[in-house]
Amino acid sequence: MMMKPPRVGIVKLPLTTIIITLCVLVFMALLYAEKFSSFSSISIIKLKPFCPRKSTEPKSTDDKRVKEDEVGKEVVNASWVDDRFEFDAEECNVANGKWVFNHSIKPLYSDISCPYIERQFSCVKNGRNDTDYMHWEWQPEDCNLPRFNPELALRKLQGKRLMFVGDSLQRNQWESFVCLVEWIIPQDQKSMERRNIHSVFKAMQYNATIEFYWAPYIVESNSDIDIIGDPKKRIIKVDAIMDRAKNWTAVDILVFNTYVWWMSSAKIKSLWGSFANGEEGYEELDNSIAYKLALKTWANWVDSTINPNKTKVFFTTMSPTHSRSEDWGNMEGVKCFNETKPVRKKNHWGTGSNKDIMNVVSRVMKKMKVPVSVINITQISEYRIDGHSSVYTETGGKLLTEEERANPQNADCIHWCLPGIPDTWNQILLAML
């Protein structure tokens, strides 16, 4: 016979108790799901190999318009500052991208509104009528490049010295940076002191300086202060830097560049030791070899002098020249004369950029102890045959006449109009800062 199991009494719970218990369980489930979702989102963001753009547009309720000599720009105070850019120079290949035309983009300044632009770069003031070259925006393929925010830039520089060291192209970039930020500073809170070798813009409100130091070869030469026009008479002291570098030691952010002066001839008269014996004792070296020796001297100085906990060091790669229109398929053109649009061919590389020099920079940087951030401007600038000063410039301290402007051979295809391409270089610099 099978025994029947004993009957177990069933406890009846009140309906309200059941409802409350179910509500608690549902709430706990939702809370757990929310935490899991947040964790997953954070993990995915960190693993993404690109840099999402944070909005830097000002809120409409806080807009403050600034009228500046036909520039048409907009600025706000605190609401514009967004220091949350997830820009990682190691993850993002800034040089890989394209120029996109956007007519709604307005330069933050003009060569009329900014009083610090030399006539050499003041293309509109000098008679250039086309303005499309100002409305191209560089867009990297694997990240979003934050637009230049002048208030954020000044906050980054608060209590600091930023110094650009190099040749006239570095001065081109320096003037761009000054013009990008100076217009939001009250007139009585800024000043400019220009000298042949060392020029200083002061932002007193931020206790900051933006400086330029003239050193076209970085190392010493007989053509630094009293410029020798004939490249064959220039002698480079490839192992000497201290006479210049003693002025760079107390700087918080250093941005170096040297290239175009090395390309003035295939052979460089290079000297070790003193200039006391004049031209005796020099050796003529291939420009890439002389450049390597000089860059090693600079690298040794950085490694032995710079404290990376106090000073950030940047190196801007070569700015391309566009003196051979055949490079971009314009067989009937002359230099960059009358060019109004960028080259559209992907990875265009002309004869104005020396890959041997680029490789020297790469090899020297890899062996350095102090980290140096490279601002790779070469490829993005290679496309911009339309951005040069061309015939809207000066030569010998005098503006070109109408007759001289009609001659394509007078086109300056080395330097850049401001506003223009150097603004993008500084956009990258600020993102890296």
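Each remark here, short or long, concerns the structure printed above.
Residues numbered from 1 in each chain as written. Predicted model: local features only at pLDDT ≥ 70, side-chain atom pairs only at ≥ 80, totals over all residues. Heavy atoms only, no water.

### A word on the overall build of the protein chain
Per the secondary structure count, the protein chain includes 9 helices and 19 strands. At a minimum sequence separation of 6, the contacts of the protein chain that also span at least 24 residues come to 76%. Summed over its atoms, the accessible surface of the protein chain is roughly 22,900 Å², and 53% of this surface lies on carbon and sulfur atoms. (Helix = DSSP H or I, 4+ residues; strand = E, 2+ residues; numbered from the N terminus. Contact = heavy atoms within 4.5 Å. Areas by Shrake-Rupley, 256 points an atom, 1.4 Å probe, with all protein chains shown as cover.)

### Things to note about the sheet that holds strand β10 (residues 235-237)
Taken together, the 4 strands give an open sheet; going across it, the order is β9-β10-β12-β13, and neighbouring strands pair in mixed fashion. Whereas interior strands pair on both sides, the edge strands pair on one side only; in this sheet they are β9 (220-221) and β13 (283-286). Bridge count between β10 and strand β12 (residues 267-271): 3 bridges; the pairing is parallel. Note that in β12 the partner of I236 across the bridge is S270. Running at roughly 100° to β13, helix α5 (residues 287-305) makes contact with β12 and β13 of the sheet. (Pairing = 2+ DSSP bridges. Axes fitted to C-alpha atoms, helices over the stretch in contact; angles between N-to-C directions.)

### A few points about the environment of S168
Looking at the secondary structure, you find S168 in helix α3 (residues 168-182). Classification of S168 as buried rests on a relative accessible area of 10%. Expressed as a C-alpha distance, the spacing of S168 and W214, which sit 46 residues apart in the sequence, is 7.8 Å. For S168, the contacting residues outside a window of four places in its chain are F121, W214 and H415. (Buried < 20%, exposed > 50% of the residue type's maximum accessible area, 1.4 Å probe, protein only.)

### Description of the pattern of salt bridges
By the definition in use, this model includes 18 salt bridges. Across the salt bridge formed by R171 and E118, the nearest N and O atoms sit 2.7 Å from each other. Taken together, the residues span a long stretch of sequence, with R171 in helix α3 and E118 in the loop between β3 (97-101) and β4 (136-140) at a distance of 53 residues. A salt bridge links D286 to K267, with the shortest nitrogen-to-oxygen separation between them at 2.7 Å. Here D286, found in strand β13, pairs with K267, found in strand β12; they are 19 residues apart in sequence, far enough to count as distant. (Salt bridge = Lys/Arg side-chain N within 4 Å of Asp/Glu carboxyl O.)

### What to know about the packing of aromatic side chains
Aromatic ring pairs are reported here in terms of the distance separating the ring centres and the angle at which the planes meet. Evaluated as defined, the whole model comprises 17 aromatic pairs. Between the aromatic rings of Y217 and W261, the centroid separation amounts to 5.5 Å while the plane-to-plane angle is 85°, which identifies the pairing as edge-to-face. Residue Y217 is located in the loop between β8 (208-214) and β9, and its partner W261 is located in the loop between β11 (253-256) and β12; the two are separated by 44 residues in the primary sequence. With respect to burial, Y217 and W261 carry one shared label: buried. Between the aromatic rings of F256 and W298, the centroid separation amounts to 5.3 Å while the plane-to-plane angle is 70°, which identifies the pairing as edge-to-face. (Phe/Tyr/Trp six-rings, centres within 6.5 Å; stacked < 30°, edge-to-face > 60°.)

### Some remarks on the side chain of T317
With respect to the element layout, T317 can be found in the loop between β14 (312-316) and α6 (355-366). Given the relative accessible area of 4%, T317 is considered buried. Those residues within four positions of T317 in sequence are excluded, and the remaining contacts are N257, M358, V374, I375, N376, I377 and T378.

### Notes on the environment of V178
Locating V178 in the fold gives a position in helix α3. A relative accessible area of 1% places V178 in the buried class. Each C-alpha atom of the pair V178 and V200 lies 10.0 Å from the other, and the pair is 22 residues apart in sequence. Contact partners of V178, with chain neighbours within four places excluded, come to Y116, M192, F201 and I210.

### Let's talk about the state of the cysteines
Working definition of a disulfide: a covalent bond connecting the sulfur atoms of two cysteines. Scanning the entire structure with this criterion turns up 4 disulfides. Across the disulfide, C123 is cross-linked to C417 (sulfur-sulfur distance 2.0 Å). The disulfide joining C123 to C417 has a torsion of about -95° about its S-S bond and is therefore left-handed. Of the two residues, C123 sits in the loop between β3 and β4 while C417 sits in the loop between β19 (412-416) and α9 (421-432), which places them 294 residues apart along the sequence. A relative accessible area of 0% means that C417 is categorised as buried. Taking only the cysteines that form disulfides and numbering them from first to last, the protein chain has the pattern 1-4, 2-5, 3-8, 6-7. (Disulfide = S-S within 2.5 Å.)

### As for the packing of α3 against α9
Closest axis-to-axis distance for the α3/α9 pair is 9 Å, and the angle between their directions is 75°. As far as their axial angle goes, α9 and α3 are roughly perpendicular. On α9, the residues touching L169, N172, Q173, S176, F177 and L180 of α3 are P422, D423, W425, N426 and L429. (Parallel < 35°, antiparallel > 145°, perpendicular 65-115°, else oblique.)

### A look at the packing of α5 against α6
Their axes nearest at 10 Å, the elements α5 and α6 cross at an angle of 25°. Here α5 lies roughly parallel to α6, going by the angle between them. The interaxial crossing formed by α5 with α6 has right-handed handedness. Across the interface between the two elements, N287, S288, Y291, K292, L295, K296, W298 and A299 from α5 touch D356, I357, V360, V361, V364 and M365 from α6. Grouping the amino acids of the contact of α5 with α6 by side-chain chemistry returns 9 nonpolar, 2 polar and 3 charged. (Left-handed = near helix turned anticlockwise from the far one by under 90°. Nonpolar A, V, L, I, M, F, W, Y, C, P; charged D, E, K, R; others polar.)

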